[in-house]
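Listed below are the residues making up each chain.
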Amino acid sequence: MARLGFSDKLMMIFIYVFLIVLSFSAFYPFWNALVVSFNLGIDTTKGGVTFWPRVFTLENYQIVFKDDRLINGFFVSVSRTVVGTITAILMTAILAYGMTRRELIGRNYFMFFFVFTMYFGGGLIPSYLLISSLGLMNKFLVFIIPALISVWNMIIFRTFFKSLPLGLEESAQIDGATNWGIFFRIVLPLSGPVIATLSLFTAVAHWNDWFTPSIYITNENLIPIQTMLRQILNANIVTDMASNMDTASIARLDQMRTITTKSLTMATMMVATLPIVMVYPFVQKYFVKGVLIGSLKE
Amino acid sequence: MAQATTEQRTRLEQQPKPKKNIFVRFLKQWDIQLMVWPGILLIFVFAYLPMYGILTSFMDYNIFTGGNIWANPWVGFKHFQMFFDSPEFYNVMRNTIVISLLKFVIGFPAPIILALMLNEIRHMMFKRIVQTVTYLPHFMSWVIVAGLVMSMLSTENGSVNMLLKSVNMIDEPINFLSMKEYFWSILISANVWKEIGFGSIVYLAAISGVDPHLYEAADIDGASKFKQIYLITIPTIMPVVIIFMILSIGNLLNAGFEDILLLANNPVLRPVSDVIDTYVYRVGLSNFRYSYATAVGLFKAVISIGLLTMANYIARRSGNSLW
Amino acid sequence: MTKARKTTMLIVSAILVLATVLAGCSSDSKNKPSPSPSSNATNTPSNNPEEPASDVWEFGSEALEFSMYGHYSWYDVPAWDSTVAGRWLKENKKLNITPISAGGNPEQKLSTMIASKSLPDVMWMDRGADVERLREAGQLVAFDDYLDKYPNLKTWMGKDLNLLRSSDGKLYQFPNWYTGRANGNAGYVINKKIYDELGQPKLETTDDLYNYLVAVKAKYGDTVVPFDPDLAKDSQGLGVLYTAFKENASYTHLHANVRAVPQGDNLTSLFTDPTFREAQKYIAKLYREKLITQDAFTQTRDQIEERIMQGRVAVYAGANPTVVAMNAHQEMVKKDPESGYFMIWPIHKEGLDKNKIFPGTYTALGWNVNVITKAAKDPEKIFAFLDWYTGPEGQSLLFFGPEGKNWKGFDSEGHPIFTDDYNAEEVLELQKAHDPIMWNGNTGFIDPAKMKYESKLPAHEQNWAARYQSEITWPTQSNATEFINLVPQPDSELGIVKQRVDDIYTQAYAQSVMAKDDAEVESILDKAEKDAQAAGYGELLEWRTVEWKKNIEIIAGG
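Calculation rules
Residues numbered from 1 in each chain as written. Chains lettered and ligands numbered in written order. Predicted model: local features only at pLDDT ≥ 70, side-chain atom pairs only at ≥ 80, totals over all residues. Helix = DSSP H or I, 4+ residues; strand = E, 2+ residues; numbered from the N terminus. Contact = placed C-beta atoms within 7 Å. Buried ≥ 20, exposed ≤ 12 C-beta atoms within 10 Å, placed from the backbone. UniProt positions renumbered as here; feature names shortened; annotations may be inferred. Pairing = 2+ DSSP bridges. Domains from an automatic or database assignment. Axes fitted to C-alpha atoms, helices over the stretch in contact; angles between N-to-C directions. Parallel < 35°, antiparallel > 145°, perpendicular 65-115°, else oblique. Left-handed = near helix turned anticlockwise from the far one by under 90°. Nonpolar A, V, L, I, M, F, W, Y, C, P; charged D, E, K, R; others polar. Core = buried A, V, L, I, M, F, W, Y, C linked by C-beta atoms within 7 Å. Right-handed = clockwise from strand over helix to strand, strands pointing away. Expected span 1.5 Å × (residues − 1). Bend = angle between axes of the 7 residues up to and from the residue. pLDDT = per-residue confidence, 0-100.

**Considerations on the overall build of chain B**
Secondary structure summary: chain B contains 16 helices and zero strands in total. Counting only C-alpha atoms and orienting by the principal axes, one finds that chain B spans roughly 65 × 55 × 30 Å. In chain B, 70% of the contacts between residues at least 6 apart in sequence involve partners at least 24 apart.

**Quick word on helix H13 (residues 392-400) of chain C**
All names here are of chain C. The element H13 is extensively covered by neighbouring structure, given that nine of its nine residues are classed as buried. Where H13 is concerned, the buried positions are Pro392, Glu393, Gly394, Gln395, Ser396, Leu397, Leu398, Phe399 and Phe400. Phi for glycine 401, located one or two positions after H13, is positive at around 85°.

**Some thoughts on the UniProt feature "transmembrane region" (unreviewed entry) in chain B**
Residue and element names in this part refer to chain B. As annotated by UniProt and renumbered to match this structure, "transmembrane region" (unreviewed entry) occupies residues 34-55, 97-121, 133-153, 182-208, 229-253 and 290-315. A helix fraction of 88% and a strand fraction of 0% characterise residues 229-253, whose end C-alpha atoms lie 32 Å from each other. Along residues 290-315, the helical share is 100% and the strand share 0%, with 37 Å between the first and last C-alpha atoms.

**A closer look at the interface of chain A and chain C**
Each side of the interface is counted separately: chain A has 45 residues, and chain C has 50 residues. At the level of elements, helix H6 (124-133), helix H12 (211-216), helix H13 (225-234) and helix H14 (247-257) of chain A are the ones that each hand at least two residues to the side of chain A that touches chain C. Looking at the side of chain A that touches chain C element by element, the count peaks at 11 residues for H14(A).

**So, the pairing of strand E13 (residues 407-410) of chain C**
Here E13(C) runs beside strand E14 (residues 416-418) of chain C; their pairing, made up of two bridges, is antiparallel. If you follow C:Phe410 over to E14(C), its bridge partner there is C:Pro416.

**Some remarks on the domain arrangement of chain B**
Accessible area lost when the parts come together is the quantity often used to give the size of an interface. Entries for chain B in the domain assignment read domain 1 (18-76) and domain 2 (80-316). Across the contact, eight residues belong to domain 1 of chain B and six residues belong to domain 2 of chain B.

**Regarding the packing of helix H11 (residues 192-208) of chain A against helix H10 (residues 180-207) of chain B**
Their axes nearest at 9 Å, the elements H11(A) and H10(B) cross at an angle of 170°. In terms of orientation, H11(A) lies roughly antiparallel with respect to H10(B). H10(B) is crossed by H11(A), and the crossing has right-handed handedness. Across the interface between the two elements, A:Pro193, A:Val194, A:Ala196, A:Thr197 and A:Leu200 from H11(A) touch B:Ile201, B:Val202 and B:Ala205 from H10(B).

**Thoughts on the interface of chain B and chain A**
Facing 71 residues of chain B, the contacting portion of chain A comprises 81 residues. Ranked by the residues each element gives to the side of chain B that touches chain A, the list is headed by helix H3 (residues 30-48) of chain B, at 11 residues. Its residues assigned to classes, the side of chain B that touches chain A comprises 43 nonpolar, 19 polar and nine charged.

**Regarding the nonpolar core**
A:Met154, A:Phe157, B:Tyr203, C:Leu213, C:Ile283 and C:Phe385 are the most contacted members of the largest nonpolar core, which has 302 residues in total. Counting residues per element, this core draws most heavily on H10(B), which supplies 11 residues. Leaving out residues up to four positions away in the same chain, C:Phe385 has contacts with C:Phe59, C:Leu64 and C:Leu95.

**Notes on the sheet that holds strand E9 (residues 313-318) of chain C**
Residues and elements named next belong to chain C. Strand order in the open sheet formed by four strands is E6-E9-E5-E10, with mixed pairing between adjacent strands. In this open sheet, the two edge strands, each paired with only one partner strand, are strand E6 (225-228) and strand E10 (341-344). Here the strands of the sheet are splayed against their neighbours by 20° on average, with no regard to which way each runs. Here three bridges tie E6 to E9, and the two strands are oriented parallel to one another. Among the inter-strand pairings, aspartate 228 is bridged to a residue of E9, identified as tyrosine 316.

**Things to note about the pairing of strand E1 (residues 64-70) of chain C**
All names here are of chain C. Pairing analysis gives six bridges linking E1 to strand E2 (residues 95-100), with the strands arranged parallel. The partner of leucine 64 across the bridge, within E2, is leucine 95. Taken together, E1, helix H2 (residues 84-93) and E2 form a β-α-β motif whose crossover is right-handed. Across three bridges, E1 lies against strand E3 (residues 122-126) in parallel orientation. Bridge pairing in E3 places methionine 68 opposite valine 122.

**Comments concerning helix H1 (residues 6-37) of chain A**
The end-to-end C-alpha distance of H1(A) is 46 Å, a good match for the 46 Å that 32 residues give at a rise of 1.5 Å each. By the largest-angle criterion, A:Phe27 marks the main kink of H1(A), which is about 25°, and a proline, A:Pro29, follows within four residues. For H1(A), the full list of buried residues reads A:Leu19, A:Ala26, A:Phe30, A:Ala33, A:Val36 and A:Ser37. The secondary structure elements touched by the buried residues of H1(A) are helix H2 (41-44), helix H3 (59-66) and helix H15 (262-277) of chain A together with helix H6 (109-120), helix H7 (124-135) and H10 of chain B.

**A few points about the environment of C:Asp517**
With respect to the secondary-structure elements, C:Asp517 resides in the loop between helix H17 (493-513) and helix H18 (518-535). Along the sequence, C:Asp517 and C:Asn463 sit 54 residues apart, while their C-alpha atoms lie 43 Å from each other.

**A closer look at the confidence of the model for chain A**
Summarising the model, chain A shows a mean pLDDT of 86, and 91% of its residues fall at 70 or more. Taken together, the stretch residues 293-298 of chain A has pLDDT below 50 and engages in three contacts with residues farther than four places along the chain or on a different chain.

**Section: the confidence of the model for chain B**
In the predicted model, chain B carries a mean pLDDT of 87, and 93% of its residues have values of at least 70. Confidence estimates for the predicted assembly give a pTM of 0.87 and an ipTM of 0.88.

**Examining the environment of A:Gly135**
With respect to the helices and strands, the residue A:Gly135 is situated in the loop between H6 and helix H7 (141-144). Measuring from C-alpha to C-alpha, the distance between A:Gly135 and A:Pro53 comes to 49 Å, with 82 residues separating the pair along the chain.

Right, dumping it as C-alpha cells:
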C-alpha cells in the first residue's frame, strides 16, 4: 500500500475517532440494558447501574424463561423468520430478475403497478376481511404468504442485478442457457452481497413484526415474542388514559401496570433482540470486495 | 468500470426494438413472463383487492357495516374539506414538511457517509465491530430510545446538562425537552443515531461491487483518498443511491410517528411536533373517525406518488430510474 | 381428589352454607344469600335442596367456556391455567376461559373484530364511547333479566347501578372496583429525613408549602427536587395542588372527560374559573423558581422512581404516589430507620377548612367494565360467573387463595375468617399474580376484609400504604360519581368539539405552568378561553350540564 499523504492521515484519524465515538454511543445503551437485565429489579430503581451489575441476579431471566408463552413466542419468531425469509427472498429475487429484462413486455407498466402499492392501500379493515376470507386467520401462513413479495426489496434487487455485467448473460444466452438457468446459475451466485443484505432486511422485518400477529392472530400459541415485548413496553408508555380517570382508578391502573420491573423488561428485550442481532456478523462476510470481479475472470 | 456497465446497459435499453406482433413476442418470452406473474398475482391479491377501502374516504363509514361498504352514505369531499379547514392544518403541514426535509437532508446522506468511512478502514476486526455495534440501536424500540433521550437531557442530573455545566457553558440546566427551538434537532439526532448503522448496510453491499484493482491503480497514480472516494467508490454506489433517493422523496410526507409521539411529551411542543400521522392518530383512529383517517391517508398517497413521479422523471436522465 | 379431601370439603361446605346465610342476612336482609361456594357439587347432590326452584343456573354445575378479550395496549387476558385461581376454577367449577389477545394494538384489533363480526364473548374495557358504540349497534347483551337471579352485583352496588345504565334504560356493563366507600391514594408524600433536618416546620397551607420548598432549595440546592408532581402531563401532582385552593374543588374538574367547574346550576369554563387561575399562578411561581422539577412534563416513571428511591425528593405529590413511596420507604429504612417517607394531610389555602379539601376522587362505578357480547352462546351463564366472581367467594379466592389454606368460611359481617395458617407473604404473592384476572373487583367487600387483617397488626408491621390509606387518603378523596358519562360520542359534532377543547387545554395547561409571570398566565388562559369558545366549548358545556344534572337526579332519586 502506498504511503498516506498528510491530509489522508488527518482524514483517517478523524474517521477512527468518529467511528469510535459513534460505536460507543450505540453500544452503551445496549450494554446498559444487558447489565440492567442481570441486576436485581428493586436495586435497579435506585439508579446508578451503568457498566456492571451491582446486585447480580439471574432472576429476571428465570422469570422470562419460566413463562411458557415467551418461550413459545420465541420459537414462533424463529420459525416465521427462517421460513419467511427464505421464501420471500426467492420469490422477490425471481420477480426482480424478470423485471430487469429489457425485453419484458409491459415492464414499465408492471413497475408502476408495483410502486403504486407502496403508497396506496385500502386500509386495515378490507385487508382483514380479505385475510379472513382466504382462511388465513390464526394460521402460521399469514406470516408468510402476504409477505412473499416486498416491492421495496424487489427494487433493490433489481438495481443490483442491473449493475451486473451484461456480457455474462449474453454469452450464456449464446451458449444456449435458458432464462431461468441464467438466473439460477449466473445471476444468483454473483449476487452474494445483495442477497445477504436483503435476507438480513427481510429477517429483521419478520422478526420485528408485531403488527401482523396483533391483528391476525388471537390464538396465543402463534404470537411471536415481539408482540409480547411490545405489550410489556406499552405498560410503561404514558397514554392519555390517566388524564380521564379519577385518582382511585389511576391507582388501580397503576397496580395493574407496574407488575413488570425495568429489569424484567430489559431481560425480555434481550431475549427478543439478541438472536436477530447475532445474524449480522454472519452476513458481513458476504461484503467482500471483488467477489464479482473474480468470477468474471474465470 | 461499473459505471461503464450501467451506461452500456442504458444504451442498449434505448435501442429501438424490432416491432413484431405483441402476442407473438409475448409467447416467445413466456419464461420471462413466468418470472413476474406470480409476483403480480400476489400483489394483486394482497394489495389491490383491498383497495376498495379507499372509497370510504368519500363516505361516512360505519364500522359495523364491515365489508359491505355500499351501505354507507356518500359524502363527497367532506372529510378532505374538514382536514384542510381544521385550525391545525397549517401547522401540521409545515411540521410534516420541515421534519421530513430535515430527515432527508441529514438522515439520507448519513448512512452513505458511514459506509464510505467504513470502506476506508483496513483493520477488518475493527471494521466488523463498528459495523455490528452501530447497527444495534435499530433494534431498540422507540420507547426505550425515548426514555434514554429523556434521561440524558433531563434537567435533574441529565448527562448533557452536567457536561455543559462542568465546562461552564451554562449556569442553569437547559430544559431541552420543553423548548420548541430544540425539538427538531433532538428528533433528527435521535433518528440519525438510531438508523445510521442499519441504513449503511445496503451501501456497504453496493461498495463490495468495487473492483479492488481500481484502488490499487489509483494508489499508484498517487490519487488522494478523497479523490478515490469521489472517482471510484461513489460512482459505483450511485445507482443504489439514486434509487434510494427517489424512494425517499416519495416518502416525504411520512415525517415519523412513534418517535415524535414519544419524544414530544410536553404539550407545549405541539406547535412544532404535530405531523400528519400524529394528528390523524389523535383525532382519527382513537376516535373512530375512520373515513377521516382514510381521507388524510389518501391525500398523503396522492402527493407522494406525485413527488415520486417527479423524482423519477428527473432521475431518468442519469439512467437510473424506477420505470 | 382423595376421599379424605372430599369429606373435608363436605364439612367445610356445611359450615360455609351457614356462614353465608348469616352474612347475607346481616349485609342486606332484602336479598337472598349468594349461592354458597360449596354448592359446586363436585358430587354432592345433597347441597341442592337449598336451591330455589327457579331457572337459576348455578355456577359450576355444568362446564362453562367462553372467550375473553382485554381492550388495552398493555394487557392480555392470561392463560387461564397460569394462575392459582384459574386452575382452581377449572378443576372445581369447570370453568375455562379462552384468552383473545389484543396484541398490544387494541384499537385496531377491536375495529377488525367488529368489522368482521367476530367479537369475543366477553370484553374488559373502559366505560364510555366504545361500549356505547357497541351497544348502539346492538352487539351487547343487557343484564336486566339476570340481576335478580344472581344478586351479588345488585347487593354490593346498590342503586349506583343505575348510573351504568345506557340511554335505553338497560344495563350492559358489569363494573370493576365499584364501591360506595371512599378509596384512592392521591395526596402528598414527604421525605422524612429532609423534613426532620429542616426542623419539622408546619406544613398545612399553600404558604407553608411554598416556604418549605424554598427552604429545601436553599439548603440542598440541586441535589434535591423540592416538589415532584409525578407525570404533570396527566395532571397528577399539579391537579392535586389545584384542590388546595377551594373547598370541595375536585381533581376531576381537570379531567378530559369533564373540563368544567360547577357553578350553581351550570358547568362553566375551566379557563375562566378564578380558582383554576389562582392555582395555575401558584404552580407557575413554583415552577419558575425551580421548586418544581423542570422535567415535570417530560419525565418518565423510571426517572421519578429513581429519584424517590434515592431520597432526592422533598415533597412528592400525585394521583397515586403511594406505591412508589412505599417501595422506597421500605428500602430506605433498611439502611437508616430515620429516613423514609410519610404522608401529610392535604395542603389548603389559608382560611379554608382543611376538612373540605379533597386532593383525589373516586366514583361509585370504579375503574372499568366487563361487557358480554351477542357472540356469547350462554350470556346468562357468563353473567352467573361474573356475579359469583364479584361476590365474597370469588373475591376471597382472588385475594386470599382457594378456601382452606389462608381462610375458611365467613364471619358474621361476611368477611373471610383467616386461619392460623394465614401466610401474609403468600397472600401478597397471590394478589399480585391475580391482578390480571381481577375483572370485577368489589371494593366494598374486599377493603374492609383486608383492613380486618391489617388492623390486627402492630403499627410498625402495618403495610405503609394501608396505614396512610386509612388515616389520610381515604378520608380525603371525594366522590365524583356525578361527573361520569360526560363524554359525547367521539365521531359526533360535539365529539369533535371535545377533541379540539382537549387539544387547547393540554397545551394551555403546560404553557401556563411554564409562564414567566402572573400576567402571562392570565393571557394564556384568556387566549385558551377564546380559542375554546371558538371551537364550540360553550355548546359542549351546555350539553355536559344537562348530562350532569341527569346524573345528580339518578344519584338522588335512586
